[in-house]
Amino acid sequence: MTAVADKQQEPAARVGGVRVWLGRHPLAGYALRRFGLYLVELWGALTVAFFFFRLIPGDPIQTLIQTLAQNYVYNAAASAEVIAHYKKEFGLDGNIFHQYLVYLQKVVIEQDFGPSLVNYPTPAQEVIFRALPWTIGLLGLSAILAWVFGLLAGALAGWRRGRPGADLMTNLSIALSHVPFYFLALILTFVFAYQLGWLPARGAYDARMDPSWNLEFVGSVLKFGLLPAVSIVVIGIFGWLLSTRMLMVPVLGEDYLTYAQAKGLRPRKVLTKYALRNCYLPQVTAFGISLGFIFNGNVLVEQLFNYPGIGQTLVLAIRILDFNTVMGVTALAIFGVLTANLILDLVLPSLDPRVKYWR
Amino acid sequence: MVRAVTGSWKLAAGLITILVLVLVALLSPLIVGLIGKGDDPIAIAAYERWLVPSPAHWLGTDQYGRDVFAMVIGALSTSLQIGAIAGIISTVVGVIVAFIAGYKGGPVDGVLSTFTDMVLVIPSFPLLIALSAYAKNIGIVEVGLILAIFSWPFAARTIRAQVLSLRSRPYVELARVTKARDLEIIVYELLPNMLPYIGVGFASSALGAIFALVGLEVIGLGPGETIDLGKIIFTAIGTGAMTLGAWPLFVAPIFLLTLLFAALNLINIGLEEVYNPRLRGVAGA
């Protein structure tokens, strides 16, 4: 991004001049190439997704008219005119390539995802942004907690390797780190919600309350979010523990650590300031990418807990072929992952002098 | 290979677990027949409904009076079959893409890798939901095929990384100097050394497919005909097994799936240790 700005500051930006300038500024050249790749990837992934969804058989307009008829809003049999109107409204007229061009133009130039079919005439953006805070709140908070605890636990498991407690944790992580946290969520729900009755099994907050920023409501949100959050955090910790330990143990044999210990530094300081510091960067990268995936929502967890997040919205939208909402969620997810990757690729070389992407 | 297995308890434990599960799946018609003692224990109303676990019914019965233990054994077999189909397809595609990309390098590699990354970035779960919503009554093979569409990029990516590191080894250079053709080099020199990694790639895409199907079924969008482990979990949630305290109905399939995941992880880490001795004592305990 900065590279683009820098380039504009160059007054004599002839083709040759740019090339010479880029040769002298390898980082800018790298950033520019990386950003170009980002745009291509963004466009490519969106295009693949668009055509894929449109190729699903089914008639969303017919579904909409049926829903309207069921709600007594629309009484007569749908005339061709009404159908044509709705088709235009939802960007479903013409052949698939025409639809694609119209869609691209609408999204890129007007930043408009079109109306949502589920909550017509509410725009798809609005439906998505209503669900987004729940998903980001639950998944974002859980991801951060899992990463912090996982990193610390992994460092400790590496530091104290060979001791029974640390090795038990490591082996437990090997077994459980790839288990879908949905499984843990099911068992926790069974025990704590249905058998003991301590925590609510479904929903995001007490249905008798109105969403607002008071202590009571926030408490309710926390209470309802506890079970899904715990299952995500626990499985997440196992995963981060394992990968941190793998990075940590080779570092422990390095000379500078022996030296630090020989200097008589306290073990805790050696662990955090010397050992952990040299192996946490790859984990920052991985964490950034995992944050990007948050926009995917977690369909399974949200479905199990009836949580009003992005995943729920997506399932509902796909069921009635609400293309605009489905594409909106998908676009957001693709955008999230790719942008996280881009930012990391651009920032990492300045964080870690050992990382060099440009020649 | 034998020494590799005996040398690492992780590799051995993982392989044995998978072998046992596959064996159980292969023998499942026999086992189910033994449980039924001549009758079909999965037939509706074969026994009383919602029986608690007992010597007669190790895991109790479900809402239709089917024996849960027999159901789980049968479902394990179905799950593994779907995983095998999806795994084979995506491994073959992944290996081809990876070898072309990794071996040819240059622009070919650039285009193929970018395409692989693109497919990886698209959230596959919504696409799967969409596909499955309109493919209700399909068989095991079709399910495997659909799942394979989304699991080949993972295989392609990991295998490509290995090809890249192998390509520049001295013995490959030697083969190239002796004017061996590309295909010969790939088949005789590279492929044999890649087999363990291809095996792990196969197992992880198979597991990925099994889990993707579990996910679909749990939200009620699985194919209608098959009873696999995910379908049992879904029925457990849908029929109120949680409130009735019928825990085996969802704990048993979860246990088996977790065992599969754990076994694969053990093999993965075990292989790394065997092939990269410097990591010994690093990866695990």
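Residues numbered from 1 in each chain as written. Chains lettered and ligands numbered in written order. Predicted model: local features only at pLDDT ≥ 70, side-chain atom pairs only at ≥ 80, totals over all residues. Heavy atoms only, no water.

Q: Is there a simple way to explain the overall build of chain A in this structure?
A: Tallying secondary structure elements over chain A gives 16 helices and zero strands in all. Over its C-alpha atoms, taken along the principal directions, chain A stretches across nearly 85 × 75 × 40 Å. Within chain A, buried positions represent 45% of all 359 residues. Excluding contacts between residues fewer than 6 apart, the proportion of contacts in chain A whose partners are at least 24 apart in sequence is 72%. When the accessible surface of chain A is split by element, carbon and sulfur atoms take 64% of a total near 19100 Å². (Helix = DSSP H or I, 4+ residues; strand = E, 2+ residues; numbered from the N terminus. Buried < 20%, exposed > 50% of the residue type's maximum accessible area, 1.4 Å probe, protein only. Contact = heavy atoms within 4.5 Å. Areas by Shrake-Rupley, 256 points an atom, 1.4 Å probe, with all protein chains shown as cover.)

Q: Quick question: what am I supposed to make of the interface of chain B and chain A here?
A: The parts lose accessible area when they come together, and the size of an interface is often stated as this lost area. Contacts between the two partners involve 41 residues from chain B, matched on the other side by 49 residues from chain A. Across the chain B/chain A interface, buried area totals approximately 4000 Å², and carbon plus sulfur atoms make up 82% of it. Our count for the chain B to chain A interface comes out at zero salt bridges. Elements with a contribution of two residues or more to the side of chain B that touches chain A: helix H2 (9-26), helix H5 (106-121), helix H6 (124-133), helix H9 (182-218), helix H10 (229-238), helix H11 (241-244) and helix H12 (248-275) of chain B. Counting residues per element, the side of chain B that touches chain A draws most heavily on H12 of chain B, at nine residues. Classifying every residue of the side of chain B that touches chain A gives 32 nonpolar, eight polar and one charged. (Buried area = accessible area lost by both parts, 1.4 Å probe. Salt bridge = Lys/Arg side-chain N within 4 Å of Asp/Glu carboxyl O. Nonpolar A, V, L, I, M, F, W, Y, C, P; charged D, E, K, R; others polar.)

Q: What should I look at first to understand the UniProt feature "transmembrane region" (unreviewed entry) in chain A in this one?
A: Residue and element names in this part refer to chain A. The sites that UniProt annotates as "transmembrane region" (unreviewed entry) are residues 35-56, 136-159, 179-201, 221-242, 275-295 and 326-348. Between the end C-alpha atoms of residues 35-56 the distance is 33 Å, and the span holds 91% helix and 0% strand. Taken end to end, residues 275-295 comprises 62% helix and 0% strand; its first and last C-alpha atoms sit 33 Å apart. (UniProt positions renumbered as here; feature names shortened; annotations may be inferred.)

Q: Would you mind going over a positive patch on the surface with me for this structure?
A: A cluster of like positive charges, contributed by Lys263, Arg266, Arg268, Lys269, Lys273 and Arg277 of chain A, occupies part of the molecular surface. Mapping Arg277 of chain A onto the fold places it in the loop between helix H12 (267-275) and helix H13 (281-292). (Patch = residues over 30% accessible without salt bridge, like charges linked within 9 Å, V, L, I, M, F, W, Y side chains within 5 Å. Lys, Arg positive; Asp, Glu negative; His and termini not counted. Charge placed at Lys NZ, Arg CZ, Asp CG, Glu CD.)

Q: Even after reading the chapter, I still don't get the environment of Ile227 of chain B, so can you show me in this structure?
A: Residues and elements named next belong to chain B. Relative to the assigned elements, Ile227 resides in the loop between H9 and H10. Given a relative accessible area of 32%, Ile227 falls into the partly exposed group. A C-alpha to C-alpha distance of 10.0 Å links Ile227 and Ile140, two positions 87 residues apart in sequence.

Q: Just checking my understanding: could you explain the UniProt feature "transmembrane region" (unreviewed entry) in chain B for this structure?
A: All names here are of chain B. According to UniProt, the feature "transmembrane region" (unreviewed entry) maps to residues 12-35, 80-103, 115-134, 140-159, 195-216 and 250-271 in the numbering used here. With 100% helix and 0% strand, the stretch residues 80-103 has end C-alpha atoms that lie 32 Å from each other. Annotated as 100% helix and 0% strand, the span residues 250-271 places its first and last C-alpha atoms 32 Å apart.

Q: Help me understand unusual backbone geometry in this model?
A: As a rule of thumb, non-glycine residues mostly have phi less than zero, and peptide bonds are mostly trans rather than cis. Residues and elements named next belong to chain A. Here Asn306, not a glycine, exhibits a phi torsion of approximately 50°, which is positive. With respect to the helices and strands, the residue Asn306 is situated in the loop between helix H14 (299-304) and helix H15 (310-319). Asn306 sits in the partly exposed class, given a relative accessible area of 36%. Not every positive phi belongs to a glycine, and Leu321 is a case in point at roughly 60°. In this fold, Leu321 is placed in the loop between H15 and helix H16 (323-351). Judged by relative accessible area, Leu321 falls into the buried class, the value being 6%.

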